[in-house]
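# Architecture and fold: a report
Single-letter residue listing:
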Amino acid sequence: MAESMVVRGLRRVRTLLAEGGASRGLAGKQLVQVRALLHECAGGVGGEISARQRAARLASAYQHLDDEGRATFLRLVATEFGPDPQRVAEAHAGYQAAVGSDQQWAAESALRNAMRSTRLRILTQFNALPQGVKFLVDLRADLLRYATQDPALRSLDRELESRLGAWFDVGFLELQRITWNSPAALLEKLIEYEAVHEIRSWSDLKNRLDSDRRCYAFFHPRMPMEPLIFVEVALVDRLADNVQALLDEHAPVFDAERATTAIFYSISNTQAGLRGVSFGNFLLKRVVDDLKRDYPRLVSFATLSPLPTFRRWAEKNPEAWQKAFSPADLARIGRHLPADTLPPASASDLQSLLADSRWSQDARLTRSLQHGLLRLAARYLLATAKGGRPYDPVARFHLGNGARIERLNYLADTSARGQKQSYGLMVNYLYDPDTIETNVEAFSRSGEIAAAAAIRRSARD
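Scoring rules and cut-offs
Residues numbered from 1 in each chain as written. Predicted model: local features only at pLDDT ≥ 70, side-chain atom pairs only at ≥ 80, totals over all residues. Heavy atoms only, no water. Helix = DSSP H or I, 4+ residues; strand = E, 2+ residues; numbered from the N terminus. Buried < 20%, exposed > 50% of the residue type's maximum accessible area, 1.4 Å probe, protein only. Contact = heavy atoms within 4.5 Å. Areas by Shrake-Rupley, 256 points an atom, 1.4 Å probe, with all protein chains shown as cover. Salt bridge = Lys/Arg side-chain N within 4 Å of Asp/Glu carboxyl O. Expected span 1.5 Å × (residues − 1). Arc of directions from axis to C-beta. Polar contact = N/O pair within 3.5 Å; in protein donor to acceptor, adjacent residues only side chain to side chain. Pairing = 2+ DSSP bridges. Core = buried A, V, L, I, M, F, W, Y, C linked by side-chain atoms within 4.5 Å. pLDDT = per-residue confidence, 0-100. Phe/Tyr/Trp six-rings, centres within 6.5 Å; stacked < 30°, edge-to-face > 60°. Right-handed = clockwise from strand over helix to strand, strands pointing away.

## What to know about the overall build of the chain
When you go through the chain residue by residue, the secondary structure sums to 22 helices and 10 strands. Along the longest, intermediate and shortest principal axes, the C-alpha atoms of the chain span 80 × 55 × 50 Å. Classification of the 461 residues of the chain by burial places 49% in the buried group. Pairs at least 24 apart in sequence give 75% of the contacts found in the chain among residues at least 6 apart. Accessible area for the chain stands at about 22400 Å²; split by element, carbon and sulfur atoms hold 51% of it.

What follows is the structure in structure tokens.
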């Protein structure tokens, strides 16, 4: 009964909105109506059925707004439904006066209540809708975009992030393996959300779900067809060093029972609205446990990861090239250039040479560049910090989860994207179950980076 009333309410508001167009701003009569509904939500007017009808009408109204209208809607919630400053000031004064007395704890409770925002009551009512959780996740994606230009929205963003963090606690999530036999709608989501290596076709996707591959995703019970994060795994017999070979649809299928190494070659977060809500580390740990159970021969768990900001960093730090490429390196590179091309006079001139992606097709030139580029990348991973942590976002993720920088791979991704991000370099992060917790603690405590001896030597040379 309650559900049908919500549906009828949605139908009425959609009809009203359709009269003014499919998408529009928020002004005039509709702004007055939305503000009134928000005040009723904040005040908890009526019973459960009324609350759900209001939430349904507000959600439908929001979804029919254009970008400017949505920004207005969110600013309305952020600025008109926060804590009452006068009430907060009085509660704070009462708390200060009560410190050290028997009334301190009651005053503390009163201050906490005064600080509580009615915005949370509004947001929570959306959660009761059939698609309410997904609505709030998408709403926060909008909020993140608008908050960069409108500081008034940031308090609302922090409140919503905190609430989503509680709703998407890893204890509520379900780990599922995705196969070629999964529903087509879910497979389409994988194609849409893949953020590391584009899925070019259905045959490409089928190859990634073959018998020597695995794909796992976390799901929330209220979003059963929406993967929150997924990882693609290749079962092989050695550390992978080239993503094109790994994704080759025509390569023979490897016997998974002979696999000794699991390569995590793509990890994609799918919901922009869950930024700041972390569950990637739990996903990898669960997947490792699942793989070890199914394939007892597995002894190594590693990634083949991009260095997405390496080239950007290198182009902004010309002095790093001077240290990575010796005069002997430059002389060798110059000998392999065409006769009508001047040899690079300095390491920073190499950037012009590498701007043309065809350099990777010249075998002699690539051999001459290899040592310097690997040294430059090693220094980038170990020595460059941003806020006390590695500059590279993928490195921060894996090192923070207890991995070790194991190996740099030259010309491991020769695609246009690989060249644009990292001159084609990729890195293996190794997850050693015996050292993961030690690495996490050292990285968290002091920023210590776990890296193989060869990486450290390359960075020092």
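## Quick look at unusual backbone geometry
Of note, leucine 411 is a non-glycine position whose phi angle comes to about 50°, a positive value. Residue position: leucine 411 is located in the loop between β9 (404–409) and α20 (416–422).

## A short note on the pattern of salt bridges
Across all of its chains, the model carries 29 salt bridges by this definition. For aspartate 329, the salt bridge identified is with arginine 332, shortest N-O distance 2.4 Å. With a gap of three residues between them, aspartate 329 and arginine 332 both fall in helix α16 (residues 327–335), about one helical turn apart. On the basis of relative accessible area, arginine 332 is assigned to the partly exposed category, the value being 33%. Salt bridges sharing common partners tie together Glu194, Arg200, Asp204, Arg208, Glu232 and Glu249.

## Looking at helix α2 (residues 28–43)
Taking 1.5 Å per residue, 16 residues should reach 22 Å; α2 reaches 23 Å between its end C-alpha atoms and fits that length. Looking only at α2, the buried set comprises Gln30, Val34, Leu37, Leu38, Cys41 and Ala42. On an axial view of α2, the arc spanned by its buried residues comes to 135°, and they lie on one face. Residues of α2 that are exposed and point more than 90 degrees away from the buried face comprise Lys29, Val32 and Gly43. Positioned one or two residues after α2, glycine 44 has a phi angle of 65°, which is positive.

## Things to note about the side chain of serine 305
With respect to the helices, strands and loops of the structure, serine 305 is situated in strand β6 (residues 305–306). Within the structure, the side chain of serine 305 is placed 2.7 Å from the side chain of threonine 303, a separation counted as a polar contact. Sequence-distant contacts of serine 305, that is, excluding residues within four places in its chain, are made with Val394, His398, Met426, Val427 and Tyr429.

## As for helix α10 (residues 184–193)
Buried within α10 we find Leu186, Leu187, Leu190 and Tyr193. All buried residues of α10 lie within an arc of 135° about the axis, which places them on one face of the element. In this structure, the buried side of α10 is in contact with α8 (132–147), α11 (202–208), β2 (213–219), β3 (229–236) and β4 (261–269).

## Brief notes about the pairing of β2
Within a regular strand, the side chains alternate between the two sheet faces. Counting buried positions along β2 gives seven out of seven residues, so the element sits mostly inside the fold. Here β2 shows two buried faces, one formed by Arg213, Cys215, Ala217 and Phe219 and the other by Arg214, Tyr216 and Phe218. Bridging between strand β1 (residues 174–177) and β2 involves four bridges; their strand directions are antiparallel. Among the inter-strand pairings, glutamate 174 is bridged to a residue of β2, identified as phenylalanine 219. Two elements, β2 and β3, share six bridges in a ladder whose sense is antiparallel. Paired with alanine 217 across the two strands is phenylalanine 230, which belongs to β3.

## With respect to the nonpolar core
By size, the foremost hydrophobic cluster in this structure holds 105 residues, and its most contacted members are Phe73, Phe168, Leu291, Phe310, Leu369 and Leu373. Here this core takes nine residues from helix α18 (residues 363–383), the largest share from any one element. For leucine 373, the contacting residues outside a window of four places in its chain are Phe310, Trp321, Phe325, Leu354, Trp359, Tyr410, Tyr423 and Leu425. Counting 13 residues, the second-largest nonpolar core is a separate cluster that includes Ala234, Ala240, Leu247 and Leu430.

## Section: the confidence of the model for the chain
Across the chain, the average pLDDT comes to 89, with 92% of residues at 70 or higher. With pLDDT under 50 throughout, residues 1–21 is counted as low confidence; its partners more than four residues away or in other chains account for 23 contacts.

## Let's talk about the packing of aromatic side chains
Centre distance and the angle of the planes are the two values used to describe a pair of aromatic rings. Taken as a whole and assessed by the stated rule, the structure comprises 11 aromatic pairs. Between tyrosine 62 and phenylalanine 73, the aromatic rings sit 5.1 Å apart at their centres with planes inclined by 70°, giving edge-to-face as the arrangement. Remark: phenylalanine 73 occurs in helix α4 (residues 67–80) and tyrosine 62 occurs in helix α3 (residues 48–63); sequence separation between them is 11 residues. The residues tyrosine 62 and phenylalanine 73 share a single accessibility class, namely buried. Cluster of aromatic residues (ring-pair linked, three or more members): Phe310, Trp313, Trp321, Phe325, Tyr380, Tyr391 and Tyr423.

## Re the pairing of β4
Most of β4 sits out of view: eight of its nine residues are buried. In this structure, β3 lies alongside β4, joined through eight bridges in antiparallel fashion. Looking at β4, one finds that phenylalanine 230 is bridged to serine 268. In this structure, β4 lies alongside strand β5 (residues 300–303), joined through four bridges in parallel fashion. Its bridge partner being in β5, isoleucine 263 is matched across the sheet by alanine 302. Following the backbone out of β4, through helix α13 (residues 280–294) and into the adjacent parallel β5, one traces a crossover that is right-handed.

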